[in-house]
Amino acid sequence: MAFSGVKNDRGELRILENLDELRTDLADYIAELSEAAVKERGVFAVALSGGSLIGLMGKLCEAPYNKTVDWGKWYIFWADERVVAKSHSDSNYKLAKDGLLSKQVPIVPSHVHSINDSVSAEEAADEYTFVIRQLVKSRMVSVSDISDCPKFDLILLGMGPDGHVASLFPNHAVLDEKDEWVTFITDSPKPPPERITFTLPVINSASNVAIVVTGETKAEAVHLAIDNIGPDSQSVPARLVQPTKGKLVWFLDKPAASKLDSLQFSE
Ligand SMILES: O=C(O)[C@H](O)[C@@H](O)[C@H](O)[C@H](O)COP(=O)(O)O
């Protein structure tokens, strides 16, 4: 590992030497959180995103994790989803199904909670909220003790070069949504335009949030999201990820971390 365990008010930084190390560290981290949640609550409620994240989680389907992880106790959600058919190449559900869920891991199909792809974005967000509400009632998803928000055991996020996470884009009204758990947008700057997304209150109520970022094109956004650089950084959605009581961990490769102040000093 190039540099690790640095903790500031922006969370823990894990900067990995290369993608292979990042994949292993990410798989270890997820496996440990799954074990801890299953021990404590009997289940593991985890929310995924789209993009490169799913490929970077690939080691979970390999030995030893494919056998050691208690897959039957996983409840799977999406922190954001594109409102397209589940068979569409843009679907985050399809991405996770092809890259993860359909591999040799015994996930229970009824524990996989994807959106209704046959209704409008607004209806899909409302229905998804309802599904999560039922699972909060039965405590398959925990509840925050300081708000009425669901408390996911883990929310996994990627980040775009503009600093967006989930489908929370810079300067978008969606960043101000305080009342809904899941909301929708119809004007995403990254195609496709129609999406549903967890809101910041839900992301910040999670027990654990991981932001996984690789590649030099994201280095400036990583710098703005993590370093203390004043007002310029306030428009970066990833900077608004600040779990109230939970733990935030950044998984970065060296190119993504290359503009961080702390890395400049260490080399
Ligand atoms: O559905 C989506 O578009 C994603 O959930 C989105 O938030 C993604 O995680 C980032 O855009 C990073 O994507 P990359 O890792 O592919 O750059």
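Owing to the predicted nature of the structure, the values given are computational and were not obtained by experimental measurement. (Residues numbered from 1 in each chain as written. Predicted model: local features only at pLDDT ≥ 70, side-chain atom pairs only at ≥ 80, totals over all residues. Heavy atoms only, no water.)

Draft legend 1. How the structure looks around a negative patch on the surface. Among the surface-exposed residues, Glu122, Glu123, Asp126, Glu127, Asp179 and Glu180 lie close enough to one another that they form a single negatively charged patch. We classify Glu123 as partly exposed; its relative accessible area is 43%. (Patch = residues over 30% accessible without salt bridge, like charges linked within 9 Å, V, L, I, M, F, W, Y side chains within 5 Å. Areas by Shrake-Rupley, 256 points an atom, 1.4 Å probe, with all protein chains shown as cover. Salt bridge = Lys/Arg side-chain N within 4 Å of Asp/Glu carboxyl O. Lys, Arg positive; Asp, Glu negative; His and termini not counted. Charge placed at Lys NZ, Arg CZ, Asp CG, Glu CD. Buried < 20%, exposed > 50% of the residue type's maximum accessible area, 1.4 Å probe, protein only.)

Draft legend 2. Representation of the packing of aromatic side chains in the model. Evaluated as defined, the whole model comprises six aromatic pairs. In this structure an aromatic cluster arises from ring pairing among Phe44, Trp71 and Trp74. The cationic tip of Lys86 hangs over the ring face of Tyr93; the distance from NZ or CZ to the ring centre is 5.9 Å. Across from the ring centre of Trp181, 4.2 Å away, lies the NZ or CZ of Arg133, which sits over that ring. (Phe/Tyr/Trp six-rings, centres within 6.5 Å; stacked < 30°, edge-to-face > 60°. Lys NZ or Arg CZ within 6 Å of the ring centre and 35° of its normal.)

Draft legend 3. Inspection of the sheet that holds strand S10 (residues 195-198) at higher detail. Strands sit in the order S5-S10-S9 across an open sheet of three strands; the sheet is antiparallel. Two strands lie at the open edges of the sheet, namely strand S5 (80-82) and strand S9 (182-185), each paired on one side alone. Averaged over neighbouring strand pairs, the angle between their axes works out to 20 degrees when direction is ignored. As judged from the three bridges shared by S5 and S10, these two strands associate in the antiparallel manner. Within S10, the residue paired with Asp80 across the bridge is Thr197. Here helix H5 (residues 121-137) sits on the sheet in contact with S9 and S10, set at roughly 165 degrees to S9. (Pairing = 2+ DSSP bridges. Helix = DSSP H or I, 4+ residues; strand = E, 2+ residues; numbered from the N terminus. Axes fitted to C-alpha atoms, helices over the stretch in contact; angles between N-to-C directions. Contact = heavy atoms within 4.5 Å.)

Draft legend 4. How the structure looks around the pattern of salt bridges. Counted according to the given criterion, the structure contains eleven salt bridges. Across the pair Arg14 and Glu12 runs a salt bridge whose closest N-O atoms are separated by 3.1 Å. Taken individually, Arg14 and Glu12 each receive the classification buried, so the pair is uniform in this respect. We note a salt bridge from Asp153 to Arg41, for which the minimum N-O separation is 2.8 Å. One end of the pair, Asp153, is in the loop between strand S7 (150-151) and strand S8 (154-158); the other, Arg41, is in helix H1 (residues 19-41), and 112 residues separate them in sequence. What makes Asp153 buried here is its relative accessible area of 8%. Of the residues examined, Arg41 reaches a relative accessible area of 23% and is grouped as partly exposed. Among the charged side chains, a salt-bridge network with shared partners connects Glu12, Arg14, Asp25 and Lys247.

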